[in-house]
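# Coordinate analysis (summary)
One-letter residues, chain by chain:
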Amino acid sequence: MSDVQSVVDAAERAYRSGLSRTPAERRGWLESMSHALDAERDELIAIARDETHLAAARLGGELTRTTFQLRFLGAEVVDGTHLEATIDHADPTWGMGPRPDIRSIRRPIGPVAVFGASNFPFAFSVAGGDTASALAAGCTVVHKAHPAHPRLARRTAAILIEALRSAGAPDGTFALLEGEDEGVQLVQHPLIKAVGFTGSTRGGRALFDLATSRPEPIPFFGELGSTNPVFVTRSAWQRRSQEIADGYLASVRLGRGQFCTKPGFIMVPAAVGAPQVIAHAAIDQPDEPGLLLSSRLRDSFEGALDALAATDGVETLLGGPSGDESAPLTLLRVDATTVLENPELLEQEAFGPASVIVEYRDMAELDQLSTLIGGQLTSTVQGEPDDDLGALLPALAERSGRVLWNAWPTGVTVSWAQQHGGPYPATTAAGTSVGAAAISRFQRAVAYQGLPPELLPLGLRDDNPLGIPQRIDGILTLPAKGDDGR
Ligand code: NAP
C-alpha cells in the first residue's frame, strides 16, 4: 500500500470518528496544537531561519499569528455561527403554499488536502490557515510539505500530531506527505473531498485542473498571486507625497517583497515628479538585509522583471535583475497610456522587492486603469476626504477581496471580517483563506425536512443544546451568553 493510500485511509477513518465529537472537544484539539507550537517556539524559529533566509523577528511574528489563528478558529467552533443553523417551522399560510418543517445546517465535507507556500513557513504552511480552518470545519487534513522548508514541515507536523493525540483526537486527524508525485496523487485520491492551496498561479492552476478533471471533481481553494494596485489621487499626492512614498516603499520592501499582498503597482498623478520623489526616498532608506527565499523564486522574480522591462515605454528607475538572491529594490516607471495599450502588464506579478510606478494624466485615465486590473487580493486608495472618486471604489470592489483606504496592504489580520481572497487569478474559488469565514470553504449545507426532533442534528433542535445562533423563521436568534461570554 502506498504512503498516500495509507495516510488518506487514516484521514478518512479519523474524519468518520471525529463526526461524533463535540465542538468543545474540537476546540480543545486546536488549542492543544496552538500551545504545543508556542512551547517549541525557539526550536521552530531556528529551523525556519536555517531553511528560509527570513529574519527571526519576522518568523516570530508569523508564528504568533499562526498560534493565535488556531485559538481564534477553535473559539469559532464553539460559537457555531459558521454552522448557519436555519429553522423554518411548518407554516400552512406560507405565501407560495403550505411550507413543511425544513431546517438546514452546514457539515464538514471530509478529508482535505492542503498545500502551503514557501514564503510563509508557518502562517500558510503546515499549521497555517487552511489546516486550522479545515480542522475547525470538522474535516481531517493531509498536508503536502513544501520542498523549500522540509525540516520545518516535519518538525511542525510531529508537534501537531502529538498535540492532537494528547488532546484525544482520533489518529489520522492530521498527517504530512512529501514529494511532488505524492501531491498529485493526493489531489486525485477519491477520498479527498477538497483542496486548500497557497502558492504560485502556475502551480495552483496545474493542481486546480487536476482537482476539477477528476471523475468526481472537488472544490479547489487556490490562493494564488496578486499585483495589489495602489491608486493615489492628485490631492493626496499634493498633500502627503513624502508620507505616501515612505509608506509605499516600506510595504514593497517588507519581507524582501515576498508577500502576496505586496503593492506591485502604484498609480500616481503625472507631471508632479512623483517617480523621482519615490526614487529619492528609496535611496534615503537602505534595503532590509536578507536574501530571497530560494533560487527558484529568484529565477521567477527576475523573469518577471525582464518581462516588465521588455515593453516599450517601461523604464527601470532603480535596481534590476542582480543575478543572485540579494535582489535589490527595483522600481520601474511607465505612463498610463502605455499600460492602457498593454493591459497585460498589470497582471505581471514580480514576487520580490519590485514595483511599477504608473503616471496617469487625469481621473479618466485613473478610472480606466481601475477597470483593467484583474482579480486582486487587495486594492488600495490613497485619497483625501474631499476627493471626488467617481466610479473608482465600486470598480475596485468588483475586482478585489479587500479594499483599503489610506493604509498599506501587507499585513493581513485574522478576524471575523477578514477577506483574503478575490476573483481569479487572486483565487480559484470564492472564499477567504484567512479569518472566521475560511471555515465555510470546507463545509456544505444539508437541509432536513420533516425529521422528528430526536433525529435532528443537535444544532437544529428547538431547545438549541449547543447554544449556537439559529435563524428561526427568518429571524436571527442568538443564544443567551454563558459565563465565558459565549
Ligand atoms: P508553488 O511553487 O506554487 O508551491 C506551492 C506548493 O504546490 C508546493 O508544495 C509545490 O510542491 C506544489 N506544486 C506546485 N506546482 C505543482 C505541480 N505542478 N504539481 C504538483 N505540485 C505542485 O508556490 P511558492 O513558490 O511557494 O509560492 C510563491 C507564490 O505564492 C507567489 O506567487 C505568491 O504570490 C503566492 N502566495 C499567495 C498567497 C495568498 O494568500 N494568495 C500567500 C503566499 C504566497 P513541489 O515544489 O514539490 O511541486
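Everything below is about the structure printed above this text.
Within each chain, residues carry numbers counting from 1 in the order of the written sequence. This being a predicted model, a pLDDT of at least 70 is required before a residue's local features are given, and a value of 80 or more before pairs of side-chain atoms are given or counted; all residues contribute to the totals for chains, interfaces and linings. Remark: hydrogens and water are excluded; side-chain values derive from all non-hydrogen atoms of the structure.

## Focus on the packing of aromatic side chains
Aromatic pairing here means that ring centres of Phe, Tyr or Trp (its six-membered ring) are within 6.5 Å. Orientation follows from the plane angle: under 30 degrees is stacked, over 60 is edge-to-face, and everything else is tilted. Counted by the stated rule, this structure contains 9 aromatic pairs. Ring geometry for Phe-68 versus Phe-72: centroids 5.9 Å apart, planes at 25 degrees, classification stacked. A residue pair is termed a helical-turn pair when its members lie 3 or 4 positions apart in one helix, as Phe-68 and Phe-72 do in helix H4 (residues 56–79) at 4 residues. Only protein chains enter the accessibility calculation, which uses a 1.4 Å probe; a residue is then buried when its area is under 20% of its type maximum, exposed when over 50%, and partly exposed in between. Classification of Phe-68 as partly exposed rests on a relative accessible area of 40%. Among the residues examined, Phe-72 registers a relative accessible area of 9% and is labelled buried. Relative to Phe-442, the ring of Phe-221 lies with its centre 5.6 Å away and its plane at 80 degrees, an arrangement referred to as edge-to-face. Highlighted residues: Phe-221 in strand E7 (residues 220–223) and Phe-442 in the loop between strand E14 (400–405) and strand E15 (443–449), separated in sequence by 221 residues. When its relative accessible area of 0% is taken as the criterion, Phe-442 is described as buried. Under the scheme used here, helices are H or I runs from DSSP no shorter than 4 residues and strands are E runs no shorter than 2 residues, and both carry numbers assigned from the N terminus.

## Focus: the environment of Arg-239
Tracing the backbone through its elements, the reader meets Arg-239 in helix H9 (residues 234–253). Arg-239 sits 241 residues away from Ala-480 along the chain, and the two C-alpha atoms are 50 Å apart. Contact definition: two residues touch when any of their heavy atoms are within 4.5 Å. Contact partners of Arg-239, with chain neighbours within four places excluded, come to Glu-384 and Asp-386. Within polar-contact distance, the side chain of Arg-239 engages the side chain of Glu-384 at 3.4 Å. N or O atoms closer than or at 3.5 Å make up a polar contact, with two conditions inside protein: a donor-capable atom paired with an acceptor-capable one, and, for residues adjacent in sequence, both atoms drawn from side chains.

## Observations concerning the pairing of strand E4 (residues 141–144)
Residues Val-141 and His-143 line one face of E4 and the alternating positions Val-142 and Lys-144 line the opposite face, and both faces are buried. Inspection of the sheet shows strand E3 (residues 112–115) paired to E4 by 4 bridges, in the parallel sense. Within the sheet, the bridge partner assigned to Phe-115 lies in E4 and is Lys-144. Viewed with both strands pointing away, a crossover whose connecting path from the first strand over the helix to the second turns clockwise is right-handed. Assessed by its sense of winding, the connection that carries the chain from E3 through helix H5 (residues 129–137) to E4 is right-handed. Pairing between strands is defined by DSSP: at least two bridges between them are needed. Across 4 bridges, E4 lies against strand E5 (residues 174–177) in parallel orientation. Among the inter-strand pairings, Lys-144 is bridged to a residue of E5, identified as Leu-177. With helix H6 (residues 150–166) bridging E4 and the parallel E5, this β-α-β connection has right-handed handedness.

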